[in-house]
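Here are the chains, one letter per residue:
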Amino acid sequence: MRLHVVDHPLVAHKLSTLRDRRTDSATFRRLADELVTLLAYEATRDVRTEQVEIETPVATTTGTRLSHPRPLVVPILRAGLGMLDGMVRLLPTAEVGFLGMVRNEETLTASTYATRMPEDLSGRQVYVLDPMLATGGTLVAAIRELIERGADDVTAVVLLAAPEGVEVMERELADVPVTVVTASVDERLNENGYIVPGLGDAGDRMYGSAE
Ligand SMILES: O=P(O)(O)OC[C@H]1O[C@H](OP(=O)(O)OP(=O)(O)O)[C@H](O)[C@@H]1O
Ligand SMILES: O=c1cc[nH]c(=O)[nH]1
Ligand SMILES: [Mg+2]
């Protein structure tokens, strides 16, 4: 697994406002959207392209366009939904699949409650979106599902990661072509499986408590 921590003052600034407990839901959603576009710029560095001939008003030249098969973007509901618009704005040809997953807050194990994406992902580049990589249970299960469907290149875009989750990903997905792009690897997980210092529950901060 490759880990890429995006080191940029704008990323650090936006992330700090996201972390602040006083940031309201509307601002939180806007900042998550802005942050994902900055991360997406790095995450798509190896997106597949092809050459095309184009005519400018002055001359004919060789240009570049995103190639086929189209990349697939998969937000993990709920919180990953807050990263979808920012990602597809940069990847206009992308298709979108959905994975609904929830972590049991007692056992910290993830379960899937909704899946809507192509059965066959062979040859596809896939971008998985989830703001939080905590224990890693959710992302490992999501990426296994994508690989089983034939995806041959998976990039996870996460706003925040815990070192424990990064380690689990490295161990569980050792033989899989996976890249994780994040704005920060924080200090640790607390006894409730929350990232410290983190930003709290990303889904709740975007959409309100699910209870
Ligand atoms: O790395 P893990 O320990 O598996 O935890 C991370 C997961 O927990 C959160 O989702 P949550 O279950 O709160 O669902 P939500 O997005 O609906 O709030 C988060 O968005 C990740 O999907
Ligand atoms: O810190 C955390 C851990 C898991 N899920 C979240 O939303 N936040
Ligand atoms: Mg949540």
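The structure presented is a predicted model; accordingly, all values stated were derived computationally and were not measured.

*Asks:* Sorry if this is basic, but what is going on with the UniProt feature "binding site: uracil" (unreviewed entry) in the protein chain here?
*Replies:* The positions UniProt marks with the feature "binding site: uracil" (unreviewed entry) are I195, G200, D201 and A202. When the annotated set is filtered for residues lining the largest pocket, what remains is I195, G200, D201 and A202. Sequence-distant contacts of G200, that is, excluding residues within four places in its chain, are made with M132 and Y194. Within the secondary structure, D201 sits in the loop between β13 (195-196) and α6 (202-207). With residues near it in sequence (within four places) discarded, D201 still touches R78 and Y194.

*Asks:* Looking at this model, I keep getting lost on the site of ligand 2. Mind explaining?
*Replies:* In the region of ligand 2, the neighbouring residues are R103, M132, A134, G193, Y194, I195, G200, D201 and A202. The contact in question runs from an oxygen atom of ligand 2 to an N or O atom on the backbone of I195, over 2.9 Å. At a separation of 2.9 Å, an oxygen atom of ligand 2 approaches a polar backbone atom of A202. For ligand 2, whose free accessible area comes to 240 Å², the fraction covered by protein is 89%. With respect to the detected pockets, ligand 2 is housed in the largest pocket. Its residues assigned to classes, the shell around ligand 2 comprises 5 nonpolar, 2 polar and 2 charged.

*Asks:* What is the right way to look at the site of ligand 1 in this model?
*Replies:* The environment of ligand 1 is formed by 16 residues, the closest being R78, R103, D130, T135 and T138. The separation between an oxygen atom of ligand 1 and a polar main-chain atom of A79 is 2.9 Å. In the model, an oxygen atom of ligand 1 is placed 2.9 Å from a nitrogen or oxygen of the G136 main chain. Among the cavities detected, the one that contains ligand 1 is the largest pocket. The dominant element in the shell around ligand 1, judged by the number of residues it contributes, is strand β6 (residues 98-103), at 3 residues.

Criteria and cut-off values
- Residues numbered from 1 in each chain as written.
- Chains lettered and ligands numbered in written order.
- Predicted model: local features only at pLDDT ≥ 70, side-chain atom pairs only at ≥ 80, totals over all residues.
- Heavy atoms only, no water.
- UniProt positions renumbered as here; feature names shortened; annotations may be inferred.
- 1 Å grid on protein atoms, 1.4 Å probe; cavity = no way out; pocket = protein on both sides within 12 Å on 5 of 7 lines; lining within 4 Å.
- Contact = heavy atoms within 4.5 Å.
- Helix = DSSP H or I, 4+ residues; strand = E, 2+ residues; numbered from the N terminus.
- Near = heavy atom within 4 Å.
- Polar contact = N/O pair within 3.5 Å; in protein donor to acceptor, adjacent residues only side chain to side chain.
- Areas by Shrake-Rupley, 256 points an atom, 1.4 Å probe, with all protein chains shown as cover.
- Sits in = over half its atoms within 2 Å of the grid points.
- Nonpolar A, V, L, I, M, F, W, Y, C, P; charged D, E, K, R; others polar.

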